[in-house]
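Listed below are the residues making up each chain.
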Amino acid sequence: LDAHREGINAILLVGDIAYTQNDHDIWDKWFDMLDATSFASEIPLQIATGNHDIEQDVETLDIFVAFENRFLMPQVQPAIIETMKGPIDKSLV
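Our subject in this report is the structure included herewith.

1. Considerations on the side chain of Thr 20
Line of reasoning, step 1. Note that Thr 20 resides in the loop between strand E1 (11–14) and helix H1 (24–35).
Line of reasoning, step 2. Apart from residues no more than four positions distant in its own chain, Thr 20 is found in contact with Ile 26, Trp 27 and Glu 55.

2. Regarding the packing of aromatic side chains
Line of reasoning, step 1. Counted according to the given criterion, the structure contains three aromatic pairs.
Line of reasoning, step 2. Arranged with centres 6.3 Å apart and planes meeting at 75°, the rings of Trp 27 and Phe 67 form a pair that is edge-to-face. Pair noted here: Trp 27 is in helix H1 and Phe 67 is in helix H2 (residues 65–70), with a separation of 40 residues, a long-range link. Like Trp 27, the residue Phe 67 is buried in the burial classification.
Line of reasoning, step 3. Judged by centre distance (6.2 Å) and plane angle (70°), the ring pair of Phe 64 and Phe 67 falls under edge-to-face. No difference in accessibility class separates Phe 64 from Phe 67, as the two residues are buried.
Line of reasoning, step 4. Put simply, the rings of Trp 27, Phe 64 and Phe 67 pair up and form one aromatic cluster.

3. So, the pairing of strand E2 (residues 45–48)
Line of reasoning, step 1. Two elements, E1 and E2, share four bridges in a ladder whose sense is parallel. The residue of E2 that forms the bridge with Leu 13 is Ile 47.
Line of reasoning, step 2. Read from E1 through H1 to E2, the crossover connection turns out right-handed.

4. With respect to the nonpolar core
Line of reasoning, step 1. Ranked by size, the top nonpolar core spans 15 residues in total, and within it Ile 17, Trp 27, Phe 31, Phe 67 and Phe 71 carry the most contacts.
Line of reasoning, step 2. Contributions of two or more residues to this core are made by H1 and H2.
Line of reasoning, step 3. If we skip the residues at most four places from it in the chain, Phe 31 touches Arg 70 and Phe 71.

5. Section: the side chain of Glu 55
Line of reasoning, step 1. Looking at the secondary structure, you find Glu 55 in the loop between E2 and H2.
Line of reasoning, step 2. There is no salt bridge for the buried Glu 55, and the closest opposite charge comes from Arg 70, which lies 7.2 Å off by N-O distance.
Line of reasoning, step 3. A polar atom in the side chain of Glu 55 sits 3.1 Å from the backbone nitrogen of Gln 21.
Line of reasoning, step 4. At a separation of 3.2 Å, a polar atom in the side chain of Glu 55 contacts the main-chain amide nitrogen of Asn 22.
Line of reasoning, step 5. In this structure, Glu 55 is in contact with Thr 20, Gln 21, Asn 22, Trp 27, Asp 62, Ile 63, Phe 64, Val 65 and Ala 66, ignoring residues within four places of it in sequence.

6. A few points about the pattern of salt bridges
Line of reasoning, step 1. Applying the stated criterion across every chain, the model contains one salt bridge.
Line of reasoning, step 2. Arg 70 serves as the salt-bridge partner of Asp 28, at 3.2 Å between the closest nitrogen and oxygen. Taken together, the residues Asp 28 in helix H1 and Arg 70 in helix H2 connect sequence positions 42 residues apart.

Criteria and cut-off values
- Here the residue index of a chain counts from 1 through its sequence in written order.
- Only residues with pLDDT of 70 or above have their local features reported here, since the model is predicted, and side-chain atom pairs are shown and tallied only from 80 upward, although totals for entire chains, interfaces and linings are computed over all residues.
- The basis for every side-chain value is the complete set of heavy atoms in the structure, and neither hydrogens nor water enter the calculation.
- Only runs of H or I of at least four residues qualify as helices and only runs of E of at least two qualify as strands under DSSP, and these elements are numbered from the N terminus.
- The contact criterion used is simple: two residues touch if any of their non-hydrogen atoms lie within 4.5 Å.
- By convention, a stacked pair of Phe, Tyr or Trp rings (six-membered ring in the case of Trp) has centres within 6.5 Å and planes under 30 degrees apart, an edge-to-face pair has planes over 60 apart, and any other such pair is tilted.
- To sort residues, take the accessible area from a 1.4 Å probe on protein chains only and compare it with the maximum for the residue type: under 20% means buried, over 50% means exposed, and anything in between is partly exposed.
- Strand pairing is assigned whenever DSSP identifies at least 2 bridges connecting the two strands.
- A right-handed crossover is one whose linking path, passing over the helix from the first strand to the second, runs clockwise when the strands point away from the viewer.
- As used here, the term nonpolar core means buried Ala, Val, Leu, Ile, Met, Phe, Trp, Tyr and Cys residues forming a set that is joined through side-chain atoms within 4.5 Å.
- Only four residue types enter the tally: Lys and Arg on the positive side, Asp and Glu on the negative side; His and the chain ends are excluded.
- In the sections that follow, a salt bridge refers to a side-chain nitrogen of Lys or Arg positioned within 4 Å of a carboxyl oxygen of Asp or Glu.
- Counted as a polar contact is a pair of N or O atoms within 3.5 Å, where, for protein atoms, one must be capable of donating a hydrogen and the other of accepting one, and residues adjacent in sequence contribute only when both atoms are in side chains.

This is the structure we're talking about:
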């Protein structure tokens, strides 16, 4: 990105930021790598969560703990994961 950043107004990172498997050092290493680039302080970065960002805290069983501790995002409601119950209506897909 450093070589091609002219004309880039923002970066949208759409999920699966770091495949950490509850290893918080991997999150920190990812941010260290990002900080090592010159564009990180010049171009806004918007983050969206992916399915690999939902990690469950091994002690509290809360979800998104690592993600929410690293990003200041507006919170509409607490993170909730629900499972589908019953058959999926394929006509809606």
